[in-house]
Amino acid sequence: MDYFLTEEQQMIRDLARQIAEEKVVPVRAELDEKEEFPTEIMKVLAQSDMFGIFIPEEYGGLGMGAMELCLAVEELSRACLGVSTSYAANALGTYPLLLFGTEEQKKKYLPDIAAGNKFVAFALTEANAGSDAAGIQTTATKDGDYYILNGTKQWITNAGEADIYTVIAITDRSKGARGASAFVVEKGTPGFSFGKKEKKMGIRASVTRELIFEDCRIPKENLIGREGMGFIVAMRTLDQSRIGVGAQGVGVAQGAYEEAVKFARQRVQFGKPVISFQAVQHMLADMATEIEAARALVYSVARYIDSGAKDISKASAMAKVFATDVAMKVTTNAVQVMGGSGYMREYPVEKMMRDAKILQIYEGTNQIQRNVIGQAIIKEAAKMKA
Ligand code: COS
C-alpha cells in the first residue's frame, strides 16, 4: 500500500526503522529478560532528533505533527514495544505543556525535551482512579505562592527515569472533575520520591513505578492552564496521544506478522513449507488485511488531528481501539502460525504477544474507548433530524 508519505515523513520512517533494526532488535530480548530501561537507545533517539518531532520549531523541535510521530512510534514498535512505550510516554507527558502551558513554561521545558536532554512522564492514574479518572485523590493545596502536593500516583511509565512530570491533582474536592488541576513537577523537588518498580507481563524494557508526594512544595508558576482545568488537560492530552497507541498496535502487529511469514516459509511439515497450506495462508491473509486496515485508520486519524480538527476524541478512540485489538489478535495468531516455536523465547513473537496486551489496557482501556465513541454517537444522534 502507498500512503503517499511526504519526503520528510519517509525520512522520519526510514530513520526510525534504521534505529529499530540496528539498535533495538539486537538487544530487545535481553532488555525484556533483565527488565532494563533502554538508556542507550534513548540517547540514540535523542541524537537523531526523534524527541523533537512533534515540538514546534520555535521551541527547538522539528515542527511536525501526530502523523510523523506515529511513523516513528510504529517503526520502534515493530522492533520492541517496551522501547516504543518509553519513547511514546515522553510525548504523552509533554502534551499538557504543549497544549496548555504558558509561554514561560514552554520556553523553560520544551527545548530540553526536544533535544532529548530531559525526559518526561505523565501522571494521572492512582490506586482508586484508573478508568474513573475523575476519582483521583492526590491533592494540591494552595499555600501563598506555592502548591503543596500530597498523594501517590500508580503505574507511571518512565517514573524515576524522567526529569519532568506532568501531574493531575485535586485543588478543590467539592467540584468533582472540575476541581482537578495540572502541574509540572521536577525530579529532585523535596517531598517527591518514587515507589517500587513494578514487575510486568510485557513491555519490560519500559519502567513503571509509583510517584510519591509528601508535602511536596512547588511554585504556583508550575500550574498548567488554570486551576480546575486538570481533567480537561488530562482528557485532551489522552485524545492527542491515543493515536500513538494505535500506531504502537500497527507496529507490533507488523513485526509479529513478518516473523510468522518468515517462519512459515522455512518450516517444512508433510514435505512442504507450512506457508503452502491453505490453513496457514488464510491466517496470514487475515493478519495482513487487518494490519492494513488498522494502518489506514491510524494514518487517516493522525492526518485529521494534524489538520487542526477541534474534536478528535471519537476518531482517536476509534483508531486506538481498532489497531490495538488487531495487535492482540495478530500477535496471538503469529504465535499460532509458529506453533511450539512461537511459544519459545528463542523467537520474538511470544514477547510481542505479551507486550501487545498492554495496548488494550493503557491510556484508557478498550472498553473506555468504546464508551468515548458511544458518547460521541449519542451527541451526534441528538443533532440529527428526527
Ligand atoms: N476533551 C475535553 N473535555 C472533556 C473530554 C475531552 N476528551 N472528555 C470529557 N470532557 C469534559 C466533559 O465535557 C465534562 O465537562 P463539563 O463538566 O463541563 O460537562 C467533564 O470533562 C467531565 O466529563 P465526563 O462526565 O464525561 O467524565 P467522566 O468522569 O464520566 O469520565 C471518561 C469520562 C471515562 C471518558 C474518562 O474518565 C476517561 O477517559 N477515563 C480513562 C482514563 C484513562 O485513559 N486512564 C489511563 C491512565 S492515563 S495513561
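If you're wondering where the values come from, they're calculated on a predicted model, not measured in any experiment.

**Student:** Please set out the overall build of the chain residue by residue, giving values where relevant.
**Tutor:** When helices and strands are tallied, the chain shows 11 helices and 10 strands. In terms of C-alpha radius of gyration, the chain reaches 21 Å, essentially the compact-globule figure of 21 Å for 386 residues. Considering only intrachain contacts with a sequence separation of at least 6, the fraction spanning at least 24 residues in the chain is 74%. On the chain, roughly 17400 Å² of surface is accessible, and the fraction owed to carbon and sulfur atoms is 52%.

**Student:** Break down unusual backbone geometry for me, with residues and values.
**Tutor:** Across the chain, the bulk of peptide bonds are trans and the bulk of non-glycine residues have phi less than zero. A positive phi angle, near 45°, is found at Asp215, a position not held by glycine. Along the chain, Asp215 falls in strand β7 (residues 208–219). The phi torsion at Phe270 lies on the positive side, around 50°, for a residue other than glycine. Its place among the elements puts Phe270 in the loop between β9 (268–269) and β10 (272–273). Judged by its relative accessible area of 78%, Phe270 is exposed.

**Student:** Please provide a residue-by-residue account of the site of the ligand, values included.
**Tutor:** Around the ligand, 18 residues are found, and the nearest of them are Ser131, Arg178, Asp239, Arg242 and Gly364. Arg178 places a side-chain nitrogen or oxygen 2.3 Å from an oxygen atom of the ligand. Ser313 places a polar side-chain atom, nitrogen or oxygen, 3.2 Å from a nitrogen atom of the ligand. In isolation the ligand has 1000 Å² of accessible area, and contact with the protein removes 63% of it. Elements that contribute at least two residues to the shell around the ligand include exactly α7 (230–266) and α11 (366–383). At 6 residues, α7 tops the list of elements feeding residues into the shell around the ligand. Structurally, the shell around the ligand is a two-domain feature, drawing no fewer than three residues from each of domain 2 (120–228) and domain 3 (232–385).

**Student:** I'd like a rundown of the environment of Gln154, residues and numbers included.
**Tutor:** Tracing the sequence through the fold places Gln154 in strand β3 (residues 146–157). Residue Gln154 is classed as buried on the basis of its relative accessible area, which comes to 17%.

**Student:** Mind laying out helix α8 (residues 278–306), listing which residues take part and the relevant values?
**Tutor:** Taking 1.5 Å of rise per residue, 29 residues should cover 42 Å, and α8 covers 42 Å from first to last C-alpha, within 8% of that figure. The inward-facing, buried residues of α8 abut α4 (66–79), α7 and α9 (313–343). Phi turns positive, to about 90°, at Gly308, one or two residues after α8.

**Student:** An account of helix α3 (residues 39–47) is requested, with residue identities and associated values reported.
**Tutor:** Where α3 is concerned, the buried positions are Ile41, Met42, Val44, Leu45 and Ala46. Those residues of α3 hidden inside the fold are in contact with α1 (7–24), α2 (28–34), α4, α5 (81–100) and α6 (103–115). Just past α3, the residue Asp49 takes up positive phi, approximately 65°.

**Student:** Which residues make up the packing of aromatic side chains, and what values go with them?
**Tutor:** For the coordinates displayed, the defined rule picks out 12 aromatic pairs. Measuring from centroid to centroid gives 5.7 Å for Tyr165 and Phe194, while their planes differ by 40°, and the two rings are tilted. On the criterion of sequence distance, the pair formed by Tyr165 in strand β4 (residues 164–170) and Phe194 in strand β6 (residues 192–197) is long-range, its members being 29 residues apart. The buried category is assigned to Tyr165, whose relative accessible area is 0%.

**Student:** Can you lay out the pairing of strand β2 (residues 139–143) for me, pointing to particular residues and giving the numbers?
**Tutor:** Examined bridge by bridge, β2 and β3 share 5 bridges and lie antiparallel to one another. Within β3, the position partnered with Asp143 by the bridge is Tyr146. Between β2 and β3, which follow one another and run antiparallel, lie 2 residues, and Gly144 among them has a positive phi close to 65°.

**Student:** Residues and numbers for the side chain of Thr237, please.
**Tutor:** Here Thr237 shows up in helix α7. By relative accessible area, which is 0% here, Thr237 ends up buried. In terms of polar contacts, Thr237 uses its side chain to reach the backbone carbonyl oxygen of Val233, at 2.7 Å.

**Student:** Just give me the short version of the domain arrangement of the chain, but keep the residues and values in it.
**Tutor:** For the chain, the domain assignment lists domain 1 (7–114), domain 2 (120–228) and domain 3 (232–385). Domain 1 and domain 2 are separated by 22 Å when their C-alpha centres are compared. Surface buried jointly by domain 1 and domain 2 totals about 2000 Å² across both partners, of which 60% is contributed by carbon and sulfur atoms. Per-residue buried area on domain 1 facing domain 2 is highest for Glu35, Phe37 and Tyr109; these three make up 31% of the total on that side. Counting across the domain 1 and domain 2 interface gives 4 salt bridges. Notably, a salt bridge pairs Glu35 with Lys199, separated by 3.6 Å at the nearest N-O pair. Inspection of the domain 1/domain 2 interface yields 11 residue pairs in polar contact (both at pLDDT 80 or more). Contributing elements (two or more residues each) for the side of domain 1 that touches domain 2: α2, α5 and α6. Counting residues per element, the side of domain 1 that touches domain 2 draws most heavily on α5, which supplies 13 residues. Partitioning the side of domain 1 that touches domain 2 into residue classes produces 12 nonpolar, 8 polar and 5 charged.

Basis of the calculations
Residues numbered from 1 in each chain as written. Predicted model: local features only at pLDDT ≥ 70, side-chain atom pairs only at ≥ 80, totals over all residues. Heavy atoms only, no water. Helix = DSSP H or I, 4+ residues; strand = E, 2+ residues; numbered from the N terminus. Rg over C-alpha atoms; globule rule 2.2 N^0.38 Å. Contact = heavy atoms within 4.5 Å. Areas by Shrake-Rupley, 256 points an atom, 1.4 Å probe, with all protein chains shown as cover. Buried < 20%, exposed > 50% of the residue type's maximum accessible area, 1.4 Å probe, protein only. Near = heavy atom within 4 Å. Polar contact = N/O pair within 3.5 Å; in protein donor to acceptor, adjacent residues only side chain to side chain. Domains from an automatic or database assignment. Expected span 1.5 Å × (residues − 1). Phe/Tyr/Trp six-rings, centres within 6.5 Å; stacked < 30°, edge-to-face > 60°. Pairing = 2+ DSSP bridges. Buried area = accessible area lost by both parts, 1.4 Å probe. Salt bridge = Lys/Arg side-chain N within 4 Å of Asp/Glu carboxyl O. Nonpolar A, V, L, I, M, F, W, Y, C, P; charged D, E, K, R; others polar.

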